[in-house]
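# Remarks on the overall topology
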Amino acid sequence: MKALLVPKERAETLRKQLLEAGYMDSRRKLKVRGNDLEIPVTGSVPPEFAQFPGIRQENPEYYENEPVFRDLMKQYLGGDEMDLLPRGWQILGDVVIVSLHPDLYPVRSTLGDALLTMYPYCKSVYLDGGIVGELRRPSRELIAARDGMDNPALAVHTENGCRFKLDVTKVMFSKGNLNERMRMGKLGSGEVVVDMFAGIGYFTIHMAAHARPARIIAIELNPESHHYLIENTRLNRVEDIVEPILGDCAEKTPVAVADRVVMGYVGSTHHYLPYGIGALKPGGVLHYHETVPEILMPDRPVERIRTEAKRQGRKAEILQWHRVKKYAPGVWHIVVDARIN
Ligand SMILES: C[S@@+](CC[C@H](N)C(=O)[O-])C[C@H]1O[C@@H](n2cnc3c(N)ncnc32)[C@H](O)[C@@H]1O
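Everything quoted here is computed from the prediction, not taken from an experiment.

## Some details on unusual backbone geometry
In this structure, the amide linkage connecting M297 to the following residue, P298, adopts the cis form with an omega of 0°. Within the secondary structure, P298 sits in the loop between β15 (280-293) and α10 (299-311). If you check the backbone angles, R136 has positive phi at about 50° while not being a glycine. Position of R136 among the secondary structure elements: in the loop between β7 (124-132) and β8 (137-145).

## Remarks on the site of the ligand
Within the structure, the ligand sits among 21 residues, and N177, E220, D248, C249 and G264 are positioned closest to it. In this structure, C249 approaches the ligand through a main-chain N or O atom, which is 2.9 Å from a nitrogen atom. Relative to its free-state accessible area of 590 Å², the ligand is covered by the protein chains to the extent of 98%. Split by residue class, the shell around the ligand holds ten nonpolar, six polar and five charged. In this structure, the shell around the ligand is formed jointly by two domains, domain 2 (69-152) and domain 3 (174-340), each of which donates at least three residues.

## Quick look at the pattern of salt bridges
Counted by the stated rule, this structure contains 19 salt bridges. Across the pair D167 and K170 runs a salt bridge, and its minimum N-O distance is 3.4 Å. Given a relative accessible area of 33%, K170 falls into the partly exposed group. Here R260 and E191 are joined by a salt bridge, their closest N and O atoms 2.7 Å apart. Here the residue R260 occupies a position in strand β14 (residues 258-263), and E191 occupies one in the loop between α5 (178-184) and β11 (192-195), the gap between them amounting to 69 residues. Overlapping salt bridges bring together E180, R183 and D337 as one network.

## Brief notes about the domain arrangement of the protein
Assigned domains of the protein: these are domain 1 (2-56), domain 2 (69-152) and domain 3 (174-340). Between the C-alpha centres of domain 1 and domain 2 there is a distance of 25 Å.

## As for the packing of aromatic side chains
Evaluated as defined, the whole model comprises eight aromatic pairs. Summarising the aromatic geometry, the rings of Y265 and Y272 are spaced 6.4 Å apart at their centres and angled 80° between planes, so their arrangement reads as edge-to-face. Of the residues examined, Y265 reaches a relative accessible area of 10% and is grouped as buried. Owing to a relative accessible area of 14%, Y272 belongs among the buried residues under this scheme. Grouping aromatic residues by their ring pairs yields a cluster made of F69, W89, Y119 and Y121. The ring of W332 has R323 lying over it, and the distance from NZ or CZ to the ring centre is 4.9 Å.

Rules used throughout
- Residues numbered from 1 in each chain as written.
- Predicted model: local features only at pLDDT ≥ 70, side-chain atom pairs only at ≥ 80, totals over all residues.
- Heavy atoms only, no water.
- Helix = DSSP H or I, 4+ residues; strand = E, 2+ residues; numbered from the N terminus.
- Near = heavy atom within 4 Å.
- Polar contact = N/O pair within 3.5 Å; in protein donor to acceptor, adjacent residues only side chain to side chain.
- Areas by Shrake-Rupley, 256 points an atom, 1.4 Å probe, with all protein chains shown as cover.
- Nonpolar A, V, L, I, M, F, W, Y, C, P; charged D, E, K, R; others polar.
- Domains from an automatic or database assignment.
- Salt bridge = Lys/Arg side-chain N within 4 Å of Asp/Glu carboxyl O.
- Buried < 20%, exposed > 50% of the residue type's maximum accessible area, 1.4 Å probe, protein only.
- Phe/Tyr/Trp six-rings, centres within 6.5 Å; stacked < 30°, edge-to-face > 60°.
- Lys NZ or Arg CZ within 6 Å of the ring centre and 35° of its normal.

If you want it as structure tokens, here you go:
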């Protein structure tokens, strides 16, 4: 069983980050090892935590959960099916979201009840069917809920001191983007920022709440996401900073007003580069996201930024790039930061 070896003094911060990012294996206990602590992790060491050594725990110690989950399910499943049991799930506010191997679909409601037993503070469990389409909508099925729940899909998720209200059947919330959201929370102080793919405020709320820009123009095409963007602006008391705009960023992105532009989209972000670069004042910074095959990383997005800047008679200075998360086999979601002069 894998764990991350971290210095004691940093353990609490890292534990919280790993937990919120969904990387932590909360079935196993943290263990002391000399001046360090072993923090159990679900899969391979996430890239953004690569500075800490990954180790194999000799004698992992479990909280009561794991056995409970397996115990709860073993009366319904044979041996092979037990091996298909999910090892991790996402908890948004008081809603559990779990992906299941298709062979377990017949027992999905029983499995949902088991998760509600394990998380007494949760009200419902949804089966995750992935995120689809231009508006990145999730496909979710309710598989378990406590009696009398008027809206089992409505969640208020807290991370990094920010609150996000959302309907888990209508809008996505990517656990893999947590560190990037927190990074955005450190940028933009006093600036004019344009968030071209704002969603429910994934980046905008972190920025507004922590960095306090002068103004964030947050554009979102999906009326359901835009509705929660407005809700989350109120919930985090940043109405004085955030200007939620419903519409297509190809039409709504202003020209030459921004010190910083965030293009937090995947798949076809490059189609919107002309508007992203056009929105920046000379010397402004672009955060350009792209899903890119490993062999083209980071050259393809870097070349696209340089080419579009040149086409607009400007010069792109690449500041840095990094991986945000694994997107698919051989494909990474990365972000490139560039200053556009
Ligand atoms: C994937 S989400 C944002 C994810 C976010 N960056 C994160 O870290 O979790 C992208 C959002 O862009 C919105 N969107 C897609 N095309 C758009 C467009 N042309 N203009 C404005 N918003 C758009 C989608 O509706 C969706 O809410």
